[in-house]
Amino acid sequence: MKLTDEQLKAMGHGEGPALVLAVPGSGKTTMLLSRTKRLMNEGVDRKKILTITFSKASARDLGLRYKNLFAEGPAPSFSTIHSFCYSVLKNDERRRGTSYTLIESNRALSKWRIATDLWKEIMHKSPNEEQVETLLREISYVKNKVLDPKEYNKEAATPLFLKFYTAYEGLKRDRQWIDFDDMITLVPEIFKQDPGLLRAVRATYDYIQVDEGQDTSKGQLAIIEAVAKPKNNLFIVADDDQSIYGFRGADFRELLHLNERYENLSLYYLSRNFRSQEKIISLSSAFIEQNKARYQKTPVAVKGPGPEVRAVELTNLDKQYAFIASEIEKHELKDVAVLYRNHVSSIGLVEFLERENIAFAAKERKSRFFRHWVLQDLMTIYEFSQNPADLAAFSTFYYKIRGYLSKKMIEALEKKGVGGSVFDALSDLKLPDYAARDVRALKRDFQHLKTLAPAEAFRFIQKDLEYEQYIASHAATFGSSKTTSMRILYYAKYIAKNTDDYHSFIGRLKTLDRLMQGSRAGEKGLVLSTLHGAKGLEFDAVFIMDLNADAIPSLPKTPVDPAEEMRLLEEERRLFYVGMTRAKERLYLLRPRHVDRESVPPSEFFIWSKDAIVSARGEH
Ligand SMILES: Nc1ncnc2c1ncn2[C@@H]1O[C@H](COP(=O)(O)OP(=O)(O)OP(=O)(O)O)[C@@H](O)[C@H]1O
């Protein structure tokens, strides 16, 4: 591959600090790898070059791409900031005899389990997955942003956040455990206490390079800069428009201050986009220009205009999926990605692809869908209709459906025992008239439920047993996402459509779960991924689907201050931009008009794109 002048200039950078700002598809990774190779060719020991990237996956990818570009000779190593910090901790252990146990370093010690146990202890009940996820995300965010937990407590989504935070930190201190985020705070402390170790680490590396610099946090950048001193042979490659991990503490604005810290900072630009056809570049560039907090960059197209970007509205989800399949067939597309904002979106598509016998690979293989509490509730309620003597099952959901049953009544049954149906046993209790009527009605409802096939049964639970009202109240009380829960309910019905009974529904779920977990991204083919997961990748054709207002931009439900709201909106724009700029030849933006028979408003990003495409055509 012949590098361009811009690339050659950047890769030729010698000593001292440098920042390379680049547009998507401008070959920054190609340039970074070429620089590494050049340094080695000039006699620099490969072990003296530390190249840091954002995630394990990108470190692996760098290794593979290096091999593809330069087959011969031993490859340098590429690591994440966390694996680099871990090596510093290991050094510290040896030198000072301290001992750290890293959470997640073995199966028994998981952050998830620790958080779940703390929740049980503090809230006196089990948390659901969303609650654990939010709690862990918030703890991590506070640390990465170096925030005061007391201050953050005021805006936290987790109830009693400060109590959780303090308990979690205390537990780790007592047991000498550390988590991933601690490494970023511990390493600077170790360097302070043991200048000899810092000197040794500095002497190990002559050149430090950072790929995906836009996704480093303030704390991470401080470590990298400390290690680069005093030579300051620091080479950072970044595209601020692709910074999408703000929720984990990444802050590209730190890069804007580099020239204040280094008088001799060299700046390079990579402006030629080799990846995408011109129409994709002009639409995505105009889109990201709406953001205020960014370096102005104007990508230059290398390829021709290419086909028009399409923004298509389909009647419903099924039609959206069928559209994707028909376009793949029509244009014989071989290297395709379907991207979405939320992982839950993949469930319906996977069901469709399985029905149509179309092979795919899911990038994020685990799916919470199969363990989500809404799905569990639906199955428990439906299964109970087949076995109405199961008091243990009944006691997990009686308060989630229509009716006036109280905890006392259930406790009375637990004491007395249930011979036959729970409803008959309830009728035997001395109940007030209204409650007795209620029990009779519920008994009839469950007899009816038993006769229904799964899809109808789930609809009956949702509407007639008023389970959807429980979802709404759960969202109001526990801050769970009503949209996600309703989506889970919808996908359960969607999957159930082609099943006749409870057992075939369970079988279907197992098949889909296995398909998602077992699928592996091949060389080429159809890849399913969240927008986040698509970072750094490229495909001939990209479909971004489910572009409705409930999915993207994803902003907090409760009002935040306008500056924060703008910051979050700009991050969502960057995420959409990352998605659009993955496409080489064809880009499709899709949205279903109806979900679960109800009409849903489009995403503002979809409307913007559609208007922009129309006006580019000159059809005002
Ligand atoms: N000088 C060049 N001539 C032709 N093609 C190139 C050149 N440099 C890079 N490419 C190609 O351009 C595409 C994008 O390159 P690369 O993935 O390195 O870009 P990137 O800037 O890291 O992308 P992004 O930040 O959008 O993920 C790749 O297919 C790569 O092979």
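This text follows the structure it describes.
Scope of this entry: the structure provided in the associated data block. It should be emphasised that the depicted structure is a prediction, and the values quoted were computed from it without experimental measurement. (Residues numbered from 1 in each chain as written. Predicted model: local features only at pLDDT ≥ 70, side-chain atom pairs only at ≥ 80, totals over all residues. Heavy atoms only, no water.)

For the rest of this paragraph, the subject is helix 5 (residues 111-123). Over its 13 residues, helix 5 extends 18 Å from the first C-alpha to the last, a length consistent with the 18 Å expected when each residue adds 1.5 Å. Looking at helix 5, one finds that the buried residues are Lys 111, Ile 114, Ala 115, Thr 116, Leu 118, Trp 119 and Ile 122. Residues of helix 5 that are buried sit in contact with helix 6 (129-144), helix 8 (161-175), strand 5 (177-178) and helix 9 (180-193). Immediately beyond the C-terminal end of helix 5, within one or two residues, lies His 124, with a positive phi of roughly 60 degrees. (Helix = DSSP H or I, 4+ residues; strand = E, 2+ residues; numbered from the N terminus. Expected span 1.5 Å × (residues − 1). Buried < 20%, exposed > 50% of the residue type's maximum accessible area, 1.4 Å probe, protein only. Contact = heavy atoms within 4.5 Å.)

To continue, consider the packing of helix 17 (residues 373-386) against helix 24 (residues 482-496). Between two packed helices, what matters for the description is the angle formed by their axes and the separation of those axes. Packing of helix 17 against helix 24 leaves a shortest axis separation of 8 Å and a crossing angle of 45 degrees. Classified by the angle between their axes, helix 17 and helix 24 sit oblique to one another. At the point where helix 17 passes helix 24, the crossing takes the right-handed sense. On the side of helix 17, the interface is formed by Trp 373, Val 374, Leu 375 and Leu 378, while helix 24 contributes Ser 485, Ile 488, Leu 489 and Ala 492. (Axes fitted to C-alpha atoms, helices over the stretch in contact; angles between N-to-C directions. Parallel < 35°, antiparallel > 145°, perpendicular 65-115°, else oblique. Left-handed = near helix turned anticlockwise from the far one by under 90°.)

Moving on: the site of the ligand. Taken together, 20 residues are adjacent to the ligand, and Gln 7, Lys 28, Thr 29, Arg 275 and Glu 538 come closest. With respect to the ligand, the side chain of Arg 65 contributes an N or O atom lying 2.9 Å from an oxygen atom. For the ligand, an oxygen atom lies 3.0 Å from a polar atom in the side chain of Arg 582. Relative to its unbound accessible area of 640 Å², the ligand is 84% covered by the protein chains. With three residues, helix 2 (residues 28-41) is the largest single contributor of residues to the shell around the ligand. A breakdown of the residues in the shell around the ligand according to their chemical character gives five nonpolar, nine polar and six charged. (Near = heavy atom within 4 Å. Polar contact = N/O pair within 3.5 Å; in protein donor to acceptor, adjacent residues only side chain to side chain. Areas by Shrake-Rupley, 256 points an atom, 1.4 Å probe, with all protein chains shown as cover. Nonpolar A, V, L, I, M, F, W, Y, C, P; charged D, E, K, R; others polar.)

A sheet is described by the order of its strands in space; here six strands give the open sequence 3-2-6-7-1-8, paired in parallel fashion. Here the strands that pair on one side only, and so sit at the sheet edges, are strand 3 (78-80) and strand 8 (266-270). When strand polarity is set aside, the average angle formed by the axes of neighbouring strands in this sheet is 20 degrees. Here strand 1 (residues 18-22) runs beside strand 8; their pairing, made up of five bridges, is parallel. Following the sheet pairing, Ala 22 is matched in strand 8 by Leu 270. Contacting strand 1, strand 2 (49-53), strand 3, strand 6 (207-210), strand 7 (234-238) and strand 8, helix 2 runs over the sheet at an angle of about 160 degrees to strand 7. (Pairing = 2+ DSSP bridges.)

Attention now goes to the packing of aromatic side chains. If you walk through the whole model with that rule in mind, you get 36 aromatic pairs. Note on Phe 384 and Phe 446: the rings are 5.3 Å apart at their centroids and 90 degrees apart in plane angle, and the pair reads as edge-to-face. Highlighted residues: Phe 384 in helix 17 and Phe 446 in helix 21 (residues 433-451), separated in sequence by 62 residues. Comparing Phe 384 with Phe 446, the two get one shared label, buried. Taken together, Trp 373, Phe 384, Phe 394, Phe 397, Tyr 398, Tyr 399, Phe 423, Phe 446, Tyr 467 and Tyr 470 form an aromatic cluster joined through their ring pairs. A cation sits over an aromatic face here: Arg 355 above Tyr 494, 4.7 Å from the ring centre. The ring of Phe 54 carries the charged tip of Lys 535 above its face, separated from the ring centre by 4.7 Å. (Phe/Tyr/Trp six-rings, centres within 6.5 Å; stacked < 30°, edge-to-face > 60°. Lys NZ or Arg CZ within 6 Å of the ring centre and 35° of its normal.)

This next bit is on unusual backbone geometry. Following Lys 229, the chain continues to Pro 230 via a peptide bond in cis, the omega torsion being -5 degrees. Tracing the sequence through the fold places Pro 230 in the loop between helix 11 (218-228) and strand 7. Geometrically, the link from Ile 552 to Pro 553 is a cis peptide bond, its omega value of -5 degrees lying close to zero. Relative to the assigned elements, Pro 553 resides in the loop between strand 15 (539-544) and helix 26 (562-580). Non-glycine residue Glu 466 carries a positive phi angle of around 60 degrees. Within the secondary structure, Glu 466 is located in the loop between helix 22 (454-463) and helix 23 (467-478). On the basis of relative accessible area, Glu 466 is assigned to the partly exposed category, the value being 28%.

A few words on the environment of Gly 536. Note that Gly 536 resides in the loop between strand 14 (525-530) and strand 15. Since its relative accessible area comes to 32%, Gly 536 is described here as partly exposed. With 18 residues separating them along the chain, Gly 536 and Ser 554 place their C-alpha atoms 22 Å apart.

Under the criterion given, the structure shown has 44 salt bridges. A salt bridge links Lys 463 to Glu 468, with the nearest nitrogen and oxygen atoms 3.4 Å apart. Look at Glu 468 and you get partly exposed, because its relative accessible area is 23%. Glu 564 is paired through a salt bridge with Arg 567; the nearest N and O atoms lie 3.1 Å apart. Of this pair, Glu 564 and Arg 567 both sit in helix 26, three residues apart, roughly one helical turn. We classify Glu 564 as partly exposed; its relative accessible area is 24%. Residues joined in a network through salt bridges with shared partners are Lys 111, Lys 143, Glu 169, Lys 172, Asp 179, Asp 181 and Asp 182. (Salt bridge = Lys/Arg side-chain N within 4 Å of Asp/Glu carboxyl O.)

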